[in-house]
Amino acid sequence: DAGVTQSPTHLIKTRGQQVTLRCSPKSGHDTVSWYQQALGQGPQFIFQYYEEEERQRGNFPDRFSGHQFPNYSSELNVNALLLGDSALYLCASSVLMNTEAFFGQGTRLTVV
Amino acid sequence: AQRVTQPEKLLSVFKGAPVELKCNYSYSGSPELFWYVQYSRQRLQLLLRHISRESIKGFTADLNKGETSFHLKKPFAQEEDSAMYYCALMNSGYSTLTFGKGTMLLVSP
């Protein structure tokens, strides 16, 4: 089991562009959560997906959206990128009602 | 609103010294707390959670509801313990996490 995998590992975008990040959960996991980790900060919860629906959302604007597919993989989309969106984006998977979350290596997004 | 506070950005100790990484939380319900660790160039991974009450790699953490604390302790630090440590609080019913800002532990020989 490769665990949680995220792609790409790094990318650079220009202000105003749109970006899509991808996550494949650990085998057997059905719930995917996304976190943003700015430099020097702890991860901050963006949203969680279960059964292809957004189950809970953190304090992030509507520019941040997501999707979960029938195979439980997930995408995070960010529109109209701002310089402040530069961060490490982490995906975590879990089994609903199980408290242990497994994290991917993250995608480092740089907005210039 | 729930909050996790880790007051130290950096904790530097010598090998064999005791270690205590502080974590305080604010939560209105019954908290479920975790410590996550990130070694250099590795992904964030669970170190321990208070409900299991187990010791991992010699680390322990006791939930003190009166002081709203969940400090991480180890009696004798090892160089391989050098890493970034995050305290996290779970949102009840959703398994999502609120993290502190993290403490970097550096263990010198």
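Rules behind the numbers
- Residues numbered from 1 in each chain as written.
- Chains lettered and ligands numbered in written order.
- Predicted model: local features only at pLDDT ≥ 70, side-chain atom pairs only at ≥ 80, totals over all residues.
- Heavy atoms only, no water.
- Pairing = 2+ DSSP bridges.
- Helix = DSSP H or I, 4+ residues; strand = E, 2+ residues; numbered from the N terminus.
- Phe/Tyr/Trp six-rings, centres within 6.5 Å; stacked < 30°, edge-to-face > 60°.
- Buried < 20%, exposed > 50% of the residue type's maximum accessible area, 1.4 Å probe, protein only.
- Lys NZ or Arg CZ within 6 Å of the ring centre and 35° of its normal.
- Axes fitted to C-alpha atoms, helices over the stretch in contact; angles between N-to-C directions.
- Contact = heavy atoms within 4.5 Å.
- Buried area = accessible area lost by both parts, 1.4 Å probe.
- Salt bridge = Lys/Arg side-chain N within 4 Å of Asp/Glu carboxyl O.
- Polar contact = N/O pair within 3.5 Å; in protein donor to acceptor, adjacent residues only side chain to side chain.
- Nonpolar A, V, L, I, M, F, W, Y, C, P; charged D, E, K, R; others polar.

**Student:** So what's going on with the sheet that holds strand 3 (residues 19-21) of chain B? Which residues, and what values?
**Tutor:** All names here are of chain B. Strand order across the open sheet formed by 3 strands is 3-8-7, with antiparallel pairing between neighbours. Single-partner strands in this sheet number two, and they are strand 3 and strand 7 (60-61). Pairing of strand 3 with strand 8 (residues 72-74) involves 3 bridges; the strand directions are antiparallel. Opposite L21, over in strand 8, you have L72 as the bridge partner.

**Student:** How would you summarise the packing of aromatic side chains if you had to cite specific residues and measurements?
**Tutor:** One pass over the structure, following the stated rule, counts 11 aromatic pairs over all chains. When the centroid spacing of 5.8 Å and the interplanar angle of 85° are considered together, the rings of Y35 of chain A and F99 of chain B count as edge-to-face. Remark: F99 of chain B occurs in strand 10 (residues 96-99) and Y35 of chain A occurs in strand 4 (residues 31-37); the pair is interchain, linking two chains. Grouping residues by exposure puts Y35 of chain A and F99 of chain B together as buried. Relative to Y49 of chain A, the ring of F47 of chain A lies with its centre 5.4 Å away and its plane at 85°, an arrangement referred to as edge-to-face. The burial state of F47 of chain A is the same as that of Y49 of chain A; both residues are buried. One cation-aromatic arrangement involves K26 of chain A over F102 of chain A; the distance from NZ or CZ to the ring centre is 5.1 Å.

**Student:** Describe the sheet that holds strand 3 (residues 19-24) of chain A, listing the residues and the values that go with them.
**Tutor:** Think of a sheet as strands paired side by side through backbone hydrogen bonds, with each pair either parallel or antiparallel. Residues and elements named next belong to chain A. Strand order in this open sheet of 4 strands is 1-3-8-7, and the pairing throughout is antiparallel. Across the chains shown, the open sheet's two edge strands, defined by having one partner strand only, are strand 1 (5-7) and strand 7 (64-68). Mean inter-strand twist for the sheet, computed between neighbouring axes without regard to direction, equals 20°. Note: strand 1 against strand 3, 3 bridges, orientation antiparallel. Each residue of the ladder has a partner; that of S7, found in strand 3, is R22.

**Student:** Before we move on, can you summarise the pairing of strand 11 (residues 107-111) of chain A with the specific residues and values?
**Tutor:** All names here are of chain A. Alternating residues of strand 11 divide into T107, L109 and V111, all buried, and R108 and T110, none buried. When strand 2 (residues 10-13) meets strand 11, the two strands line up parallel, connected through 4 bridges. Pairing of I12 across the sheet is with T110, part of strand 11. One ladder, built from 3 bridges, connects strand 9 (residues 87-94) with strand 11; its direction is antiparallel. Among the inter-strand pairings, Y89 is bridged to a residue of strand 11, identified as T107.

**Student:** Report on the interface of chain B and chain A, specifying residues and quantitative values.
**Tutor:** Facing the 21 residues of chain B at the interface are 22 residues of chain A. Interface area, chain B with chain A, both sides summed: about 1800 Å², of which 47% is carbon and sulfur. Our count for the chain B to chain A interface comes out at 1 salt bridge. A salt bridge links E100 of chain A to R49 of chain B; the shortest N-O distance between them is 3.3 Å. Remark: the boundary between chain B and chain A carries 8 residue pairs in polar contact (both at pLDDT 80 or more). Listed by contribution, the elements that provide at least two residues to the side of chain B that touches chain A are strand 5 (33-38), strand 6 (45-49), strand 9 (83-91) and strand 10 of chain B. Of the residues belonging to the side of chain B that touches chain A, the class tally is 10 nonpolar, 6 polar and 5 charged.

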